[in-house]
Amino acid sequence: MNSQLVFGAYIPLASPLHRLDARAKLLMCVWYVIAVFFAYTWWTTGWLFLALLAAIYLSRIPVKMYWRGIRPFVWVIIITAAFQVLFSSGGQTYWHWGWMSITSDGLVNSLILIYRFIVIITASTVLTATTPTLQLAQAFSSLLTPLKYIHIPVDKMALMLSIALRFVPTIMTEMHQIIDAQKMRGMHFNQGGLLARLHHVLPIFIPLFVDSFQHSEELAVAMEARGYVAGAPRTQFRQLRWKGHDTIAMVLMVALTVGLVLLRTYLS
Amino acid sequence: MAQTAIEFNSVGYTYHSGTSLASSGIRDVTFTIPSGSFTAIIGQTGSGKSTLVNLIAGLSKPTTGEVTVLGQSLTKQSNKAQQAGIQQSVGYVFQFPEHQLFANTVWDDVAFGPRNLGWSTAKINQQVQTALEQVNFPTNRYQQSPLELSGGQQRLAAIAGVLVMQPQILILDEPTAGLDSGASQRLLLLLNQLHQAGVTIIMITHHLEYVAEHADRVMLMGDGQLQFAGHPQELFRNAELMKHNHVLPPAAVQLGQQLLPPGTNLPLSLNELAKKLATQLKAGEQDE
Ligand SMILES: Nc1ncnc2c1ncn2[C@@H]1O[C@H](COP(=O)(O)OP(=O)(O)OP(=O)(O)O)[C@@H](O)[C@H]1O
Ligand SMILES: [Mg+2]
């Protein structure tokens, strides 16, 4: 009952991406996401998409898994895109009714929006699927170390992050079991109107909250029992090591960015 | 002749089937469970016990083979309605069922199932009362919040919430985990009563003592496959098989094997062992 396939879960495989330093991957992911916001044209968006495909290929994780990552967001994407189409103006108008209109600019904007959603979600999935959560938190705190000098509690934030990430699969497993138990007591999820469906939320979320509180209490006690002191200087059992291929990966990111800038300037 | 309650025909189940994370739960399992029997399922951690009972409960569909529960069959092609049909006739007490309590009062929580089934208020009230009495739930706490109960009382409330649906088949996954020995004994007594009343009982357990004393059938799972199905006596006599699957026979059986002459029926409880030893010793005294 351990490994639920959920958005963001680590998938243990041996791929070139899995071997990279967590800091390198985190940097690359953030860098990539920022780069995405500078891509509007066919050439630039295509260029970045190509880079993502390469990353997916290098992760050795089947595309199917990435699709599972996006699937829960499909409705959010569609609805946001629909709003974008209907409520933005500019360019040629194809249709309008009251405030709503379909314009060429609206269509383009919503296409870009869909593209960004998909690409960003997938890029973060590449990161989380190839990096164990603890390493990710470690990378996070390591990269943000400079902030400690302006008294931002980086370590505590990293700990919160790693605990939160750590419990996602646990809570998903528990949720599935609670759903199963209530199903066995005659609850049917996909029946009835909106109100009936809302009623189904309580028998699932109340036990889930109670369980989560219990978990957090137990965790707090266990951490104190083992002498955890918030804010005390800590060492790490598993050290992150920056190797040659991490530097190569960063150089590739620079190349990707240079490519992006060139395509933006010369092919628009 | 007893009818068949459950039938498995070369059933296999693979988790995340068709992905790179596919992992085999059970493989090629074939057996039948007669109506009204008390079956214990034993086996090491990860041997596929929960996977097996999830299939019996209709919560998952077999990836290969066919499952038949009370005449309703389930294959890979079956739809949700067919699964729901099986779910309705089976009661399932999950491991740590108290984690599923959610209502404001114990009474309301127990009534959750019947209300889902749309029974009349009069029938619901009557059945809830019966179920709570069945599990010996303290009468003065019916209107209390489940969160204010002790762990043992929560367990009873949760079990009442399953019994209230009057399932013909009752599955329990380690129902005594975390209970003290008194509470465990009372729970087993309740299961015996249900068994007497004709309910088919399937219990996953790690306590071979319970198997010896209460079950009339035992199924041993090992590495996702059914290693043995039959009478507990028969299993306990097969020391090789038990050792291979890392299960130890209960103390009474072990002592009996050492102390009683080979070929005698093995005692299934310490009481039985004491009686057998006593008769043997008395017979010995007379010989002298
Ligand atoms: N959600 C899941 N995802 C992937 N594999 C699973 C999942 N649940 C179980 N398995 C695998 O199926 C096999 C059987 O698991 P199962 O839970 O049925 O064992 P069990 O006999 O109930 O063990 P336990 O005594 O620990 O409850 C195990 O090898 C396990 O790794
Ligand atoms: Mg189990």
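Within any chain, residue numbers begin from 1 and follow the written order of that chain's sequence. As a convention, the first chain written is A and the first ligand written is 1, with the rest following in written order. Predicted model: local features are reported for residues with pLDDT of at least 70 only, side-chain atom pairs are reported and counted for 80 or more only, and whole-chain, interface and lining totals are derived from all residues. Excluding hydrogens and water, the side-chain values take into account all heavy atoms of the structure.

**A short note on the sheet that holds strand S8 (residues 200-204) of chain B**
Residues and elements named next belong to chain B.
At step 1: Within the open sheet, the six strands sit side by side as S6-S7-S8-S3-S9-S10. Their pairing is mixed. The open sheet is flanked by strand S6 (90-93) and strand S10 (225-230), the only strands paired with a single partner. With direction set aside, neighbouring strand axes in the sheet form an average angle of 15 degrees.
At step 2: When DSSP finds at least two bridges between two strands, those strands are taken to pair. The secondary structure listing takes helices from DSSP runs of H or I that are at least 4 residues long and strands from runs of E that are at least 2 residues long, numbered from the N terminus. Sheet topology places S6 next to strand S7 (residues 169-173); four bridges connect them, and they run parallel. The partner of Val-90 across the bridge, within S7, is Ile-169.
At step 3: Note on contacts: a residue pair is in contact if any heavy atoms of the two residues lie within 4.5 Å. Axis definition: a line fitted to C-alpha atoms, limited for helices to the stretch in contact. Angles are taken between N-to-C directions and run from 0 to 180 degrees. Sheet strands in contact with helix H5 (residues 151-163) are S6 and S7, and its direction is about 170 degrees off that of S6.

**Remarks on the pairing of strand S2 (residues 100-103) of chain A**
All names here are of chain A.
At step 1: Across the two faces of S2 the burial differs, with Ser-101 and Thr-103 buried and Met-100 and Ile-102 not buried at all.
At step 2: Sheet topology note: the strand S1 (residues 93-97)/S2 ladder contains four bridges and is antiparallel. When the sheet's bridge partners are listed, His-96 is paired in S2 with Ser-101.
At step 3: The loop that links S1 with its antiparallel partner S2 comprises two residues; one of these, Gly-98, has a positive phi angle of about 60 degrees. Relative accessibility thresholds used throughout: buried, under 20% of the residue-type maximum; exposed, over 50%; partly exposed, between the two (1.4 Å probe, protein chains only).

**Brief notes about the domain arrangement of chain A**
At step 1: Each domain's extent is set by a domain assignment, obtained either automatically or from a database. As far as domains go, chain A holds domain 1 (1-131 + 242-268) and domain 2 (168-230).
At step 2: A straight line from the C-alpha centre of domain 1 of chain A to that of domain 2 of chain A covers 31 Å.

**Observations concerning the pairing of strand S9 (residues 217-222) of chain B**
Residue and element names in this part refer to chain B.
At step 1: In terms of residue burial, S9 counts as a mostly covered element, since six of its six residues are buried.
At step 2: In this sheet, S9 lies alongside strand S3 (residues 38-43) in parallel orientation, the contact comprising five bridges. Across the sheet, Thr-39 pairs through a bridge with Arg-217, a residue of S9.
At step 3: Direction of pairing for S9 relative to S10: antiparallel, over a ladder of five bridges. Looking at S10, one finds that Met-219 is bridged to Ala-229.
At step 4: Hairpin connection of S9 to S10: two residues between the antiparallel strands, including Asp-223 at a positive phi of 55 degrees.

**Side note on the pattern of salt bridges**
Residues and elements named next belong to chain A.
At step 1: Definition used for salt bridges: Asp or Glu carboxyl oxygen within 4 Å of a side-chain nitrogen of Lys or Arg. Under the definition given, this model contains six salt bridges over all chains.
At step 2: With its nearest N and O atoms 4.0 Å apart, the salt bridge here joins Lys-183 to Asp-180. Separated by three residues within a single helix, Lys-183 and Asp-180 lie in helix H8 (residues 154-184), roughly one turn from each other.
At step 3: When its relative accessible area of 23% is taken as the criterion, Lys-183 is described as partly exposed.

**Overview of the packing of aromatic side chains**
Residue and element names in this part refer to chain B.
At step 1: Classification of ring pairs rests on two measures: the distance between centres of Phe, Tyr or Trp rings, Trp counted by its six-membered ring, which must be within 6.5 Å, and the angle between planes, read as stacked under 30 degrees, edge-to-face over 60 and tilted in between. Taken as a whole and assessed by the stated rule, the structure comprises seven aromatic pairs over all chains.
At step 2: Relative to Phe-112, the ring of Phe-102 lies with its centre 4.9 Å away and its plane at 80 degrees, an arrangement referred to as edge-to-face. Separated by 10 residues along the polypeptide, Phe-102 in the loop between S6 and helix H3 (106-117) and Phe-112 in helix H3 bring together distant segments of the chain.
At step 3: Note on Phe-102: relative accessible area 13%, which makes it buried.
At step 4: Using a relative accessible area of 11% as the deciding quantity, one classes Phe-112 as buried.
At step 5: One aromatic cluster is present, built from ring pairs that chain together Trp-107, Phe-137 and Tyr-142.

**Observations regarding the interface of chain A and chain B**
At step 1: With 26 residues of chain A in contact, the opposing surface of chain B contributes 27 residues.
At step 2: Buried surface area refers to the total accessible area, computed with a probe of radius 1.4 Å, that the two partners give up upon joining, counted for both partners together. Interface area for chain A against chain B, summed over the two sides, is near 2,400 Å², with a carbon-plus-sulfur share of 64%.
At step 3: Counting across the chain A and chain B interface gives one salt bridge.
At step 4: One salt bridge in this structure joins A:Arg185 and B:Asp109, with 3.0 Å as the shortest N-O distance.
At step 5: Two N or O atoms count as a polar contact when they lie within 3.5 Å, although within protein this holds only if one can serve as hydrogen donor and the other as acceptor, and sequence-adjacent residues are included solely when both atoms are side-chain atoms. Applying the counting rule to chain A against chain B returns three residue pairs in polar contact (both at pLDDT 80 or more).
At step 6: Among the secondary structure elements, those contributing two or more residues to the side of chain A that touches chain B are helix H4 (63-70), H8 and helix H10 (202-225) of chain A.
At step 7: Of the residues that constitute the side of chain A that touches chain B, the class distribution is 14 nonpolar, six polar and six charged. Each residue is assigned to one of three groups, with Ala, Val, Leu, Ile, Met, Phe, Trp, Tyr, Cys and Pro labelled nonpolar, Asp, Glu, Lys and Arg labelled charged, and all others, Gly among them, labelled polar.

**What about the side chain of B:Gln233?**
All names here are of chain B.
At step 1: Along the chain, the position of Gln-233 falls in helix H8 (residues 232-237).
At step 2: The exposure class of Gln-233 is buried, given its relative accessible area of 12%.
At step 3: Excluding its chain neighbours within four sequence positions, the residues that come into contact with Gln-233 are Asn-265, Leu-266 and Leu-268.

**What to know about the environment of A:Phe49**
All names here are of chain A.
At step 1: Mapped onto the elements of the fold, Phe-49 is located in helix H3 (residues 42-59).
At step 2: Between the alpha carbons of Phe-49 and Leu-107 there is a distance of 20 Å; along the sequence they are 58 residues apart.
At step 3: Apart from residues no more than four positions distant in its own chain, Phe-49 is found in contact with Tyr-32, Tyr-115 and Val-119.

**Some remarks on the side chain of A:Arg116**
Residues and elements named next belong to chain A.
At step 1: Topologically, Arg-116 is positioned in helix H6 (residues 104-130).
At step 2: Positive charges are assigned to Lys and Arg, negative charges to Asp and Glu, while His and the chain termini are left out of the count. The buried charged residue Arg-116 lacks any salt bridge partner; its closest oppositely charged side chain belongs to Asp-105, at an N-O distance of 14 Å.
At step 3: Not counting residues up to four positions away in its chain, the partners in contact with Arg-116 are Val-36, Phe-37, Ala-39 and Tyr-40.

**Here's the deal with helix H5 (residues 74-87) of chain A**
Residue and element names in this part refer to chain A.
At step 1: A helix is expected to span 1.5 Å for every residue after the first. Taking 1.5 Å per residue, 14 residues should reach 20 Å; H5 reaches 20 Å between its end C-alpha atoms and fits that length.
At step 2: Those residues of H5 not exposed but buried are Ile-77, Ala-81 and Val-85. One face of H5 carries all of its buried residues, which in axial projection span an arc of 65 degrees. H5 presents Trp-75 and Phe-83 as exposed residues on the side facing more than 90 degrees away from its buried surface.
At step 3: Among the structural elements, H4, S2 and H6 are those in contact with the buried residues of H5. Note: the arc covers the axis-to-C-beta directions of the helix.

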